[in-house]
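Notes for the structure review
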Amino acid sequence: MFKDLLKMELFPTSWCPGCGIGQVMIQLATVMDEMGLGHTNSTIISGVGCTGRMAGYFNVDGVYTLHGRALPVAEAAKLVNPDLKVIVVSGDGDLTSIGGNHLLHAARRNPDLTVLCNSNQVYGLTGGQAGPTTPRDTRTVSTPGGAPYDPVNLQNLMKAGGRYFYARTTVFHQVHFRNCIKEAIAWPGFAFVDIMCHCIENNGRRLGFKSAYEMLQHFRQTYKRATDGAETLEPFEIGIVRKG
Ligand SMILES: Cc1ncc(C[n+]2csc(CCOP(=O)(O)OP(=O)(O)O)c2C)c(N)n1
Ligand code: SF4
C-alpha cells in the first residue's frame, strides 16, 4: 500500500492547496510500492525548496541536503551502499541552477541514480523568481518585463554523454508519469525525469491561471506523446529517450 511509504501523521503537507508536488509524491510512492522499494532498500535525497521537502514525508531514510547539493550526496550514498536504490527528488531551480555544476558532472559520470526533477519553471519556495528553466518572456516576480533568456535545454544536457536516460512527462499524464518513474528506477545508470508541474501560487496566478485545475488542463492541451522510438523529444512532447 503506497500510504505505508508516507508519514501520513504529518499530513496535511506544507504545500499550497492544489500544488503539483503532491502528485509527484503520490506517484513516486505508488511506483516504489509496486517495485517493492521501502526503508530496507531505498533512500530519498533532496535539495532545498518546496519540492525538497518531499524527502521528509517518506518513511525511508533520506537526506535533506544543502541547496543544490542533492546529487553529490546521492552519489556518495550509492558509492558506499551499491545495493541501495538511491532516488533524488528536487526542484528544477535546485538541480539546474545552484546545483547545475553537480548535474553536469553527475550526468557525465553516469552513476546509478534516479533523479526526479520537479520542473515548475520558477523558484517556488522563495516567491516565484525566474531560474534556468523559466521560458523566455515569462513574467515572474524577478522578471516583471519577461524572462530575458532562453531556458537551459535539459534534454541536450543529458544527451551530451554517450549513455543517458532522459524522460519528459507531466503531472497531468499520470499513467505516462508513473511509467517514466518506473523505467527510470529500473535504468542501470543516471536516469533523469523532467516533470512538468505547476506552482499555482507563485507562478500560475501571475501568468493568468485561475486555478491548479486550469494549469493541469494546460498540460493536457499542450503536451503530446512523442512517437515510439523517437530519438529526440521535440518541445512539448512527452516520452523517454535513452542510450545504454
Ligand atoms: C545557498 C542558498 N541560496 C539560496 C537559498 C534560497 N532558496 C531556497 S529554495 C530556493 C529555490 C527553490 O526553487 P526550486 O529548486 O525550483 O524548488 P521549488 O521551491 O520550486 O520546488 C532558493 C533560491 C538557500 N536556501 N540556500
Ligand atoms: S509555492 Fe508553488 S511550488 Fe511551493 S508549495 Fe506553493 S504552489 Fe507548490
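Everything numeric in this text was worked out from a predicted model, so none of it was measured.

Each value, and the rule that gives it
Residues numbered from 1 in each chain as written. Chains lettered and ligands numbered in written order. Predicted model: local features only at pLDDT ≥ 70, side-chain atom pairs only at ≥ 80, totals over all residues. Heavy atoms only, no water. Helix = DSSP H or I, 4+ residues; strand = E, 2+ residues; numbered from the N terminus. Rg over C-alpha atoms; globule rule 2.2 N^0.38 Å. Contact = heavy atoms within 4.5 Å. Areas by Shrake-Rupley, 256 points an atom, 1.4 Å probe, with all protein chains shown as cover. Lys, Arg positive; Asp, Glu negative; His and termini not counted. Charge placed at Lys NZ, Arg CZ, Asp CG, Glu CD. Near = heavy atom within 4 Å. Polar contact = N/O pair within 3.5 Å; in protein donor to acceptor, adjacent residues only side chain to side chain. Nonpolar A, V, L, I, M, F, W, Y, C, P; charged D, E, K, R; others polar. Axes fitted to C-alpha atoms, helices over the stretch in contact; angles between N-to-C directions. Parallel < 35°, antiparallel > 145°, perpendicular 65-115°, else oblique. Left-handed = near helix turned anticlockwise from the far one by under 90°. Phe/Tyr/Trp six-rings, centres within 6.5 Å; stacked < 30°, edge-to-face > 60°. Buried < 20%, exposed > 50% of the residue type's maximum accessible area, 1.4 Å probe, protein only. Pairing = 2+ DSSP bridges.

Some thoughts on the overall build of the protein chain
For the protein chain, the count of helices and strands is 8 helices and 8 strands. Relative to the globule expectation of 18 Å for 244 residues, the C-alpha radius of gyration of the protein chain, 17 Å, shows essentially globular dimensions. Here the C-alpha coordinates of the protein chain stretch approximately 50 × 45 × 35 Å along the principal axes. Long-range pairs, those at least 24 residues apart, make up 67% of the contacts in the protein chain between residues at least 6 apart in sequence. Accessible surface, the protein chain: about 11,200 Å² in total, of which carbon and sulfur atoms supply 54%. The protein chain carries 23 positive and 20 negative side-chain charges, and their two centres are separated by 3 Å.

Re the site of ligand 1
The environment of ligand 1 is made up of 16 residues, and the closest members are Cys50, Thr51, Asp94, Gly124 and Leu125. Here an oxygen atom of ligand 1 and a backbone polar atom of Asp94 are 2.6 Å apart. Between an oxygen atom of ligand 1 and a main-chain N or O atom of Val122, the distance comes to 3.1 Å. If ligand 1 stood free it would expose 590 Å²; the protein chains cover 72% of that surface. Among the elements that line the shell around ligand 1, the one with the most residues is helix 3 (residues 92-98), at 4 residues.

Some thoughts on the site of ligand 2
Close to ligand 2 lie Trp15, Cys16, Cys19, Ile21, Cys50, Asn120, Gly124, Cys199, Ile200, Glu201 and Asn202. When residues of the shell around ligand 2 are assigned to their parent elements, the largest contribution, 3 residues, is made by helix 7 (residues 200-207). The residue makeup of the shell around ligand 2, split by class, is 7 nonpolar, 3 polar and 1 charged.

Focus on the packing of helix 1 (residues 21-34) against helix 6 (residues 174-186)
Look at helix 1 against helix 6: their axes get within 10 Å of each other, and the N-to-C directions meet at 55 degrees. It follows from the interaxial angle that helix 1 and helix 6 lie oblique. Judged by the twist between their axes, the crossing of helix 1 over helix 6 is right-handed. Between helix 1 and helix 6, the contacting residues are Gln23, Val24, Gln27, Leu28, Thr30, Val31 and Glu34 on the first element and Gln174, Phe177, Arg178, Ile181, Lys182 and Ile185 on the second. Residues that form the contact of helix 1 with helix 6 fall into these classes: 6 nonpolar, 4 polar and 3 charged.

Points about the packing of aromatic side chains
On inspection of all chains with the given rule, the structure shows 6 aromatic pairs. Between Tyr223 and Phe236, the aromatic rings sit 5.4 Å apart at their centres with planes inclined by 65 degrees, giving edge-to-face as the arrangement. A residue pair is termed long-range when its members are at least 10 positions apart, and Tyr223 in the loop between helix 8 (212-222) and strand 7 (224-225) and Phe236 in the loop between strand 7 and strand 8 (237-243) qualify at 13 residues. The exposure class of Tyr223 is buried, given its relative accessible area of 7%.

Notes on the sheet that holds strand 8
Judged by pairing direction, the sheet is mixed, and its 8 strands sit side by side in the order 2-1-3-4-6-5-8-7 without closing on themselves. Each edge of the open sheet carries a strand with a single partner, namely strand 2 (62-64) and strand 7. In the sheet, strand 1 (residues 42-46) pairs with strand 3 (residues 85-91) via 4 bridges, with the strands oriented parallel. Bridge pairing in strand 3 places Ile44 opposite Ile87.

A short note on the environment of Ile98
Looking at the element boundaries, Ile98 is found in helix 3. For Ile98, a relative accessible area of 38% gives the class partly exposed. Separated by 139 residues in the primary sequence, Ile98 and Glu237 have C-alpha atoms spaced 27 Å apart. Contact partners of Ile98, with chain neighbours within four places excluded, come to His67, Gly68, Arg69 and Gly93.

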